[in-house]
Amino acid sequence: MNHSKKITSALISVFSKEGLAPIVKKLNEQNVTIYSTGGTQKFINDLGIDVIAVETITDYPSILGGRVKTLHPKIFGGILNRQENESDVAEMAEYNIPQIDAVIVDLYPFEKTVASGASEAAIIEKIDIGGISLIRATAKNFKDTICVSSVDDYAEFLALISENDGAISLKDRKRFAAKAFNVSSNYDTAIFNYFNTEEKLPAFKLSETNGQALRYGENPHQKGFFFGNFDEMFTKLHGKELSYNNLLDVDAAVNLMNEFKGEAPTFAILKHNNACGIAQRETIQQAYLAALAGDSVSAFGGILISNVEIDEATANEIHTLFCEVVISPSFSEKALEILKGKKNRILLIQKDLALPATTLRTCLNGVLVQDKDNRTDSAEILTHATNNKPKPEELEDLIFASKICKHTKSNTIVLAKGKQLCASGTGQTSRVDALRQAIEKAKAFNFNLEGAVMASDAFFPFPDCVEIAYNAGIKAVIQPGGSIKDQLSIDYCNDTKMAMVFTGTRHFKH
């Protein structure tokens, strides 16, 4: 059954008045009795529309600097009464409680106030009490009332009352209740996370109200969704909708290129979350061509990212490659014109936005949460473990390779030379296998490994990796160190005059 109910009375109490006027005017046209308080009451009066002050119902003024306005049995009784319950109807008459069929309410901007860097006192005052109570009460009693809890729902609510002369179906009332509890739960989560920062309670709460259905998940038979404000991080200039796998690759690309922020022109090509090519050069065109040379086969259908503006010359080179996504801080006008030549190619401008400080993933019947690996290896923190020290150009390559290694699936070995990725062994069950895979791949793309460097995401428990690397022509190694058998690898490097440095930081990525 439809169970439509006509709105005869409404309580309106909002912080933001944007978009409210058309609703108030329509309710007035439909002879709806309107109750309000404070600034909202003045706003409605200024429209020339009659409004009843909440204080005339409660016989109590707004008190404590506005902290208590609507918290009264005559207000909540009017919202929570069950209209088909004889006892409720009798009590409404006995205590002269007015019926309230609709509540339009929003909440103080708590999250915006926190983000603004306001004082704790100002933030506390933006913890809404009356508004959140009105939302919960109205949504709970959706069988008789409708709750409009966000300015985002004003247009839909206006359409409903306009089309049906103020009558709202049970289905719509329940749907608006779901929207209301979405608002209230998100609000409470934000407040909890603000308070839970010092002596943290062992509780995990995440709320994201921006959701988007994707074409499918990782595979076509899986449903997929993205929850987050994508537009806050990117401006999408062109191309098809991003897929689940596109988003994962874009995430990997952004995190990798974040290591090279503010550095010389750097270009990376990623496939399945791993870099298949990356290089740093004097121009971004040179960097792109060097990155492509790292693995021109895997680059097909890849995700491309630059740390500086993509110009016309680079765009002409990119345009000959089939790629899914191109990301850059900016594109020249000519470059954009060229790259838009493929209708499905996704072009993204990356905005300067801080990445989250934690990472999370589902695990068994729960969730794993950890601090993000924000430690970037640098020359200043290195320990020189061998008699031979890396030459200046080798040291630069070691740091370059270590940054790539940090963002490559474990177990991994990365080989680099002249600030260019020669090859990497990715996701192997043994470090030796990862090294052999990297060497074989480097040779397949005609890299001369004589004088190249090697980076490892974790320590070497045995000297086999440095021995294999030396025989391939590698002269310098960077690794975390920390094995009880570090000395075996150190001795081999000393015997062969290789240079090896320790970072003291492991960079597993699973």
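Note: the structure precedes this text.
What counts and what doesn't
- Residues numbered from 1 in each chain as written.
- Predicted model: local features only at pLDDT ≥ 70, side-chain atom pairs only at ≥ 80, totals over all residues.
- Heavy atoms only, no water.
- Salt bridge = Lys/Arg side-chain N within 4 Å of Asp/Glu carboxyl O.
- Helix = DSSP H or I, 4+ residues; strand = E, 2+ residues; numbered from the N terminus.
- Buried < 20%, exposed > 50% of the residue type's maximum accessible area, 1.4 Å probe, protein only.
- Contact = heavy atoms within 4.5 Å.
- Pairing = 2+ DSSP bridges.
- Core = buried A, V, L, I, M, F, W, Y, C linked by side-chain atoms within 4.5 Å.
- Phe/Tyr/Trp six-rings, centres within 6.5 Å; stacked < 30°, edge-to-face > 60°.
- Lys NZ or Arg CZ within 6 Å of the ring centre and 35° of its normal.
- Axes fitted to C-alpha atoms, helices over the stretch in contact; angles between N-to-C directions.

Asks: Before we go on, may I ask you to explain the pattern of salt bridges in this structure?
Replies: Pairing is possible between side chains of opposite charge, provided their charged atoms come close. This structure, assessed with the given rule, holds 17 salt bridges. Asp 295 is paired through a salt bridge with Lys 441; the nearest N and O atoms lie 2.7 Å apart. One end of the pair, Asp 295, is in the loop between α13 (284-294) and β13 (302-306); the other, Lys 441, is in helix α17 (residues 431-444), with 146 residues separating them in the sequence. Given the relative accessible area of 3%, Asp 295 is considered buried. Lys 475 serves as the salt-bridge partner of Glu 450, at 2.5 Å between the closest nitrogen and oxygen. Here the residue Glu 450 occupies a position in the loop between α17 and β21 (453-456), and Lys 475 occupies one in the loop between α18 (464-471) and β22 (476-479), the gap between them amounting to 25 residues. On the basis of relative accessibility, which here comes to 27%, the residue Lys 475 falls in the partly exposed class. Among the charged side chains, a salt-bridge network with shared partners connects Asp 153, Glu 156, Asp 172, Arg 175 and Lys 179.

Asks: Sorry if this is basic, but what is going on with the side chain of Thr 505 here?
Replies: Inspection of the secondary structure puts Thr 505 in the segment after β23 (499-502). Among the residues examined, Thr 505 registers a relative accessible area of 11% and is labelled buried. Discounting chain neighbours no more than four positions away, the residues touching Thr 505 are Arg 375, Asp 377 and Pro 480.

Asks: It is not clear to me how unusual backbone geometry should be interpreted in this structure. Could you clarify?
Replies: Residues apart from glycine generally show negative phi values, whereas peptide bonds are mostly found in trans. The omega angle of the peptide bond from Ser 410 to Asn 411 is -10 degrees, so this bond is cis rather than trans. When you line up the elements, Asn 411 lands in the loop between α16 (392-406) and β19 (413-416). Backbone geometry at Asn 96 places phi at a positive 55 degrees, although glycine is not the residue there. With respect to the helices and strands, Asn 96 occurs in the loop between α5 (86-94) and β5 (102-105). A relative accessible area of 59% means that Asn 96 is categorised as exposed. Its identity as a non-glycine residue notwithstanding, Asn 273 has a phi of 75 degrees, on the positive side.

Asks: Looking at this structure, how should I read the pairing of strand β11 (residues 266-271)?
Replies: As a general feature of sheets, a regular strand has side chains that alternate between the two faces. Judged by how many residues are buried, β11 sits mostly within the fold: 5 of 6 residues are covered. Bridge count for β11 against strand β12 (residues 274-280) is 6 bridges, and the pairing is antiparallel. By the bridge assignment for β12, Phe 267 is matched with Ala 279. Taken together, β11 and the strand that follows it, β12, pair antiparallel across an intervening segment of 2 residues, in which His 272 is found at a positive phi of about 50 degrees. Across 4 bridges, β11 lies against β13 in antiparallel orientation. Paired with Leu 270 across the two strands is Ile 303, which belongs to β13.

Asks: Would you mind going over the nonpolar core with me for this structure?
Replies: Generally speaking, a soluble globular protein has its nonpolar side chains buried in company with each other. With 39 residues, the main nonpolar core has Phe 234, Val 250, Ile 278, Ile 305, Ile 327 and Leu 348 as its most contacted residues. In terms of residues, this core owes the most to one element, helix α12 (residues 244-257), which gives 7 residues. Grouped together as the second largest cluster of nonpolar side chains are 29 residues, Ala 434, Ala 452, Tyr 492 and Cys 493 included.

Asks: What am I meant to see in the packing of aromatic side chains here?
Replies: The relative placement of two aromatic rings is captured by the distance of their centres and the angle of their planes. The full count for this structure, using the stated rule, is 11 aromatic pairs. Ring geometry for Phe 225 and Phe 227: centres 6.1 Å apart, planes at 25 degrees, overall stacked. Take Phe 225: its relative accessible area is 48%, and that puts it in the partly exposed class. When the centroid spacing of 5.7 Å and the interplanar angle of 55 degrees are considered together, the rings of Phe 260 and Phe 400 count as tilted. With a gap of 140 residues between them, Phe 260 in the loop between α12 and β11 and Phe 400 in helix α16 connect regions that are remote in the sequence. Considered together, Phe 260 and Phe 400 belong to a single accessibility category, that of buried residues. Each member of the aromatic cluster is reached from another via a ring pair, and the members are Phe 110, Tyr 187, Tyr 194 and Phe 195. Here the guanidinium or amino end of Lys 179 rests over the ring plane of Phe 176, the centre of that ring lying 5.7 Å away.

Asks: Would you explain the sheet that holds β5 in this entry?
Replies: Backbone-to-backbone hydrogen bonds join strands into a sheet, with any given pair of strands oriented parallel or antiparallel. One open sheet holds the 5 strands; their spatial order is β4-β3-β2-β5-β6, and the pairing between them is parallel. Every other strand in the sheet has two partners, leaving β4 (52-53) and β6 (146-148) as the edge strands with one partner each. Bridge count between strand β3 (residues 33-36) and β4: 2 bridges; the pairing is parallel. From the neighbouring strand, Tyr 35 faces β4, where its bridge partner is Ile 52. Helix α2 (residues 38-46) rests against β2 (9-13), β3 and β4 of the sheet, and its axis sits at about 140 degrees to β3.

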